[in-house]
Amino acid sequence: MKTNRYIVALAGVMLHLMIGSVYAWSVYTKPIAAQTGWSESSVAFAFSLAIFFLGMSAAFMGRLVEKFGPTLTGTVSAILYGSGIALTGVAVHSQQLWLLYLSYGVIAGLGLGAGYVTPISTIIKWFPDRRGLATGLAIMGFGFAALLTSPIAQSLMSSVGLSNTFYILGLAYFLVMIVSAQFIKRPTASDLAQFKKEDKEAVSLTGGLQMTANQALKTKTFYLLWFMFFISITCGISLVSAASPMAQELTGMNVSTAAVMVGIIGLFNGFGRLVWATLSDYIGRPLTYSLIFVVDMAMFVILIFTHSPFIFAAALSLLMSCYGAGFSVIPAYLGDVFGTKELGAIHGSILTAWAAAGMVGPLLLSFTHEVLKSYYVTLAAFIILAGLALGVSVLVQREFAKLTDAVED
């Protein structure tokens, strides 16, 4: 019996919707601090820890996807993330800060890493004719998850209390993820026969390259892509961490308007993942990434010089679409360059850039603002970084050409 590839894609979206709830952590920060007496910065650190373990574990988990299949890693993700969230409730109830870091930061973080890489390389293999669209759909779920989780979590905290909220959500995440994982399977030869023509066209995009993860990690192209991805995420995640206070300081926007703006840029973060990734199917991944950095540079300039809340919000929204695009375009780009043979492992390896950016970006922004009492210097630095990344995107194209020439020879 042939598997419907749209069922696989839907299962991937559902898995990412669950683990993407990590982006709703700010909803819990103040309630946890109020109930336990911990500082808000101590509670917020659990989020940074979770993102760090996501990025660092993704490389290892990506290899497991290739070795044992996505169903197994999806199941592992369900167990780790679901139990990590439930144990967070225990940590809050018992007021053990170390347990919060272990449960949410380490255990749930490892579950995030396993869950993030599970569907992406698999869905790309199911959609060889629309790699960008496929990854955009899956990763869009991760971007939109906070919009779904935040009101549910708020409602639960009001009705059943803080600790019980984590118990309920932990169980819910586990059940949805464990079921979704059973539908995320690699395509068989019979499945691929359904779209044989498209598959041949897609393979031609890579110039015949089908590299292993170890081979990919020995190329200059991989590290150029890593650096490009790192810059994209560093600039974006910094803005995510400081969007509201930055808008208030630079434009005089009031607190309630800034809160609405944060919700709007969240939508652009989610939709940007799908729109840019789909665009990349038509104009190519290299040009798409170059455009992302051009837009970044232009919008950073606008943030520096505008005092209009509306223009500021519009520029920040476009920047957030580029931030989301960085996540959704890179897996398809890796597939174009290195092939899909061990794409899960290669994608996992490049996600270490996310772990590094998650630590560097927000710290860089907060430190420079604390020392210089201004966001302008950091924004100017981001323009330079985006320009550097734009130059790297051109170098990637040249290095890719060398790789394909070597294969042809």
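To be clear, the structure that these remarks concern was listed above.
First, a word on what this report is: a plain description of the structure on this page. Here the structure is a predicted model, which is why all the values come from computation and not from measurement. (Residues numbered from 1 in each chain as written. Predicted model: local features only at pLDDT ≥ 70, side-chain atom pairs only at ≥ 80, totals over all residues. Heavy atoms only, no water.)

Let's shift gears to the nonpolar core. Among the nonpolar cores identified, the biggest contains 118 residues, and Phe229 and Trp354 are the most heavily contacted of them. Leaving out residues up to four positions away in the same chain, phenylalanine 229 has contacts with Tyr289, Gly326, Phe327, Ile330, Ile350, Leu351, Ala353 and Trp354. In this structure, Val8, Ile123, Phe127 and Ala134 belong to the second largest nonpolar core, which totals 7 residues. (Core = buried A, V, L, I, M, F, W, Y, C linked by side-chain atoms within 4.5 Å. Buried < 20%, exposed > 50% of the residue type's maximum accessible area, 1.4 Å probe, protein only. Contact = heavy atoms within 4.5 Å.)

Let us look at the side chain of histidine 16. By the secondary structure assignment, histidine 16 is in helix 1 (residues 5–19). In this structure histidine 16 comes out as buried when scored by relative accessible area, which is 0%. Apart from residues no more than four positions distant in its own chain, histidine 16 is found in contact with Gly115, Tyr116, Pro119, Ile120, Ala138, Ile139, Gly141, Phe142 and Ala145. (Helix = DSSP H or I, 4+ residues; strand = E, 2+ residues; numbered from the N terminus.)

Applying the stated criterion across every chain, the model contains 3 salt bridges. The closest approach of N and O atoms between glutamate 66 and lysine 125, which form a salt bridge, is 3.3 Å. Of this pair, glutamate 66 sits in helix 3 (residues 40–68) while lysine 125 sits in helix 5 (residues 97–126), and the two are 59 residues apart along the sequence. Comparing glutamate 66 with lysine 125 shows no difference in burial state: the two are buried. Notably, a salt bridge pairs aspartate 281 with arginine 285, separated by 2.9 Å at the nearest N-O pair. Using a relative accessible area of 3% as the deciding quantity, one classes arginine 285 as buried. Three or more residues are tied together by salt bridges with common partners; here these are Asp281, Arg285 and Asp336. (Salt bridge = Lys/Arg side-chain N within 4 Å of Asp/Glu carboxyl O.)

In terms of residue burial, helix 15 (residues 343–350) counts as a mostly covered element, since 8 of its 8 residues are buried. Within the span of helix 15, buried status applies to Leu343, Gly344, Ala345, Ile346, His347, Gly348, Ser349 and Ile350. For helix 15, the elements touching its buried residues are helix 3, helix 5, helix 10 (213–216), helix 11 (220–251), helix 14 (309–338) and helix 16 (352–372).

Let us now look at the packing of aromatic side chains. Under the defined criterion, the tally for this structure stands at 22 aromatic pairs. On the numbers, 4.7 Å between centres and 45° between planes, the contact of tyrosine 28 with phenylalanine 166 is tilted. Pair noted here: tyrosine 28 is in helix 2 (residues 26–36) and phenylalanine 166 is in helix 7 (residues 162–181), with a separation of 138 residues, a long-range link. Overall, the relative accessible area of 1% leaves phenylalanine 166 in the buried class. (Phe/Tyr/Trp six-rings, centres within 6.5 Å; stacked < 30°, edge-to-face > 60°.)

Another aspect to go through is unusual backbone geometry. The residue glutamine 95 is not glycine, and still its phi comes out positive at about 55°. Looking at the element boundaries, glutamine 95 is found in the loop between helix 4 (70–94) and helix 5. When its relative accessible area of 40% is taken as the criterion, glutamine 95 is described as partly exposed. The backbone of lysine 373 shows a phi angle near 60°, a positive value even though the residue is not glycine.

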